[in-house]
Amino acid sequence: MDWQSLWLSGKLALVTVLILLPLCVFAGRALAYHQFRGKSLIEALIMVPLVLPPTVVGYYLLVSFGSESWLGQWLRDSFGIELVFHFSGLVLASILVNIPFALQPIQRAFEAIPVDVRDAAACCGMSKGKILTRIELPMIWPGLVTALVLTFSHVLGEFGVVLMMGGNISGETKTISIAIYDSVQAFDFDAAGIMSLILLLFAISALALTTSLSRRMGGQHERQR
C-alpha cells in the first residue's frame, strides 16, 4: 500500500473541494436564477470535461502552462509560480476537470427552490446575503453534499489529466491512481489490488450516498409542489 500517494490524493481532493464548492455556489446560483444571451454556450463549455478525454484536457493545460508557453513563462518570471510537475498544477487541473461535477448538483438544487420563497424573504426585508445564508443554503444542502462527494471521489480517481500535468513525482504529483498503474507495471498485483479495492469501496459508498440524496431532493420537490 502506497500511503504517501493515498495521502497526496486525499490532500488534492480536499483542496479541490474547498476551492471549487464556494465558487460553484455563486456560479450555480447565477445560472439558476438568470437568463442571458450565451447561457447555453457557457453551460456547454462547463460540461466539456465530461465528454473530453482527461488526457486531452491535460495536454492543453500542459501546452498552456508549460515552460515554453508565454503564460507559463510569465507566471514563472513575474510570480515565481511553476504549475507543470508541481502540486499546484494538479490543483488547477482538478478544479477545471471537476467543475461539472460540483456545479451541476448545486445549480439543480437552486433551480428547485420555489420563486415565492425567495420573493417572500425579499418582502420581509432580508438582504440577498441573508437570503442565501439563511434560506437558500439550508434548502440546497443535499445538492451541496452531492457536489462534495462527487468531486472528492472523482479527484481520487483522476489519472490522465494528473499524469499529463504533474507527471509521476513521488511525494509531489504521484497520486493513488498513478501508484496503481506503477504497481501493475512492476507486476506487484497485490499492492495494486489493495489500492484498487480501497477506491472501489469508496466509489460504491459515494454513489450510494448521492443516490440517497437525489431521492431525498426528489421527495422535497414533490412536497413543495
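See above for the structure.
Residues numbered from 1 in each chain as written. Predicted model: local features only at pLDDT ≥ 70, side-chain atom pairs only at ≥ 80, totals over all residues. Heavy atoms only, no water.

(A) Examining the side chain of S94 more closely. Among the structural elements, S94 can be located in helix 5 (residues 87-111). The residues contacting S94, other than those within four sequence positions of it, are L12, T16, V155 and E158. (Helix = DSSP H or I, 4+ residues; strand = E, 2+ residues; numbered from the N terminus. Contact = heavy atoms within 4.5 Å.)

(B) Geometry of the pattern of salt bridges. Tallied over the entire structure, the rule returns four salt bridges. For E136, the salt bridge is made with R29, and the minimal N-O distance between the two is 2.7 Å. Residue E136 is found in helix 7 (residues 128-139), and its partner R29 is found in helix 1 (residues 3-33); the two are separated by 107 residues along the sequence. The exposure class of E136 is buried, given its relative accessible area of 0%. We note a salt bridge from R76 to D77, for which the minimum N-O separation is 3.5 Å. The class of D77 is exposed, set by a relative accessible area of 59%. (Salt bridge = Lys/Arg side-chain N within 4 Å of Asp/Glu carboxyl O. Buried < 20%, exposed > 50% of the residue type's maximum accessible area, 1.4 Å probe, protein only.)

(C) Structural view of the packing of aromatic side chains. This model, assessed by the stated rule, comprises six aromatic pairs. Seen in terms of ring centroids, Y33 and F110 are 5.8 Å apart; in terms of plane orientation they differ by 80°. Their pairing is edge-to-face. Here Y33, found in helix 1, pairs with F110, found in helix 5; they are 77 residues apart in sequence, far enough to count as distant. Judged on exposure class, the residue Y33 and its partner F110 are both buried. Ring geometry for F187 versus F189: centroids 6.2 Å apart, planes at 70°, classification edge-to-face. As far as burial versus exposure is concerned, F187 and F189 are alike and both exposed. The lysine or arginine in question, K11, covers the ring of F87, its NZ or CZ lying 4.7 Å from the ring centre. (Phe/Tyr/Trp six-rings, centres within 6.5 Å; stacked < 30°, edge-to-face > 60°. Lys NZ or Arg CZ within 6 Å of the ring centre and 35° of its normal.)

(D) Structural context of helix 3 (residues 54-65). In a regular helix each residue adds 1.5 Å, so 12 residues correspond to 16 Å; helix 3 covers 16 Å between its end C-alpha atoms and thus fits that length. Among the residues of helix 3, V57, G58, L61 and F65 are the ones counted as buried. Around the axis of helix 3, the buried residues are gathered within 100° of arc, so they sit on the same side. In this fold, the buried residues of helix 3 make contact with helix 4 (70-79), helix 5 and helix 9 (160-166). (Expected span 1.5 Å × (residues − 1). Arc of directions from axis to C-beta.)

(E) The arrangement of unusual backbone geometry in detail. In this structure, F85 is a non-glycine residue whose phi angle is positive, near 65°. The residue F85 is located in the loop between helix 4 and helix 5 in this model. With a phi close to 60°, F187 is a non-glycine residue in the positive phi region.

(F) Fine view of the packing of helix 6 (residues 115-123) against helix 7. In the contact formed by helix 6 and helix 7, the axes pass within 11 Å of each other and the chain directions differ by 160°. For the element pair helix 6 / helix 7, the angle class is roughly antiparallel. For the pair helix 6 and helix 7, the crossing hand works out as right-handed. Seen from helix 6, the contacting residues are V117, R118, A121 and A122; seen from helix 7, they are I131, I135, E136 and M139. Classifying every residue of the contact of helix 6 with helix 7 gives six nonpolar, no polar and two charged. (Axes fitted to C-alpha atoms, helices over the stretch in contact; angles between N-to-C directions. Parallel < 35°, antiparallel > 145°, perpendicular 65-115°, else oblique. Left-handed = near helix turned anticlockwise from the far one by under 90°. Nonpolar A, V, L, I, M, F, W, Y, C, P; charged D, E, K, R; others polar.)

So far we have only geometry, and geometry alone does not tell us how the molecule works.
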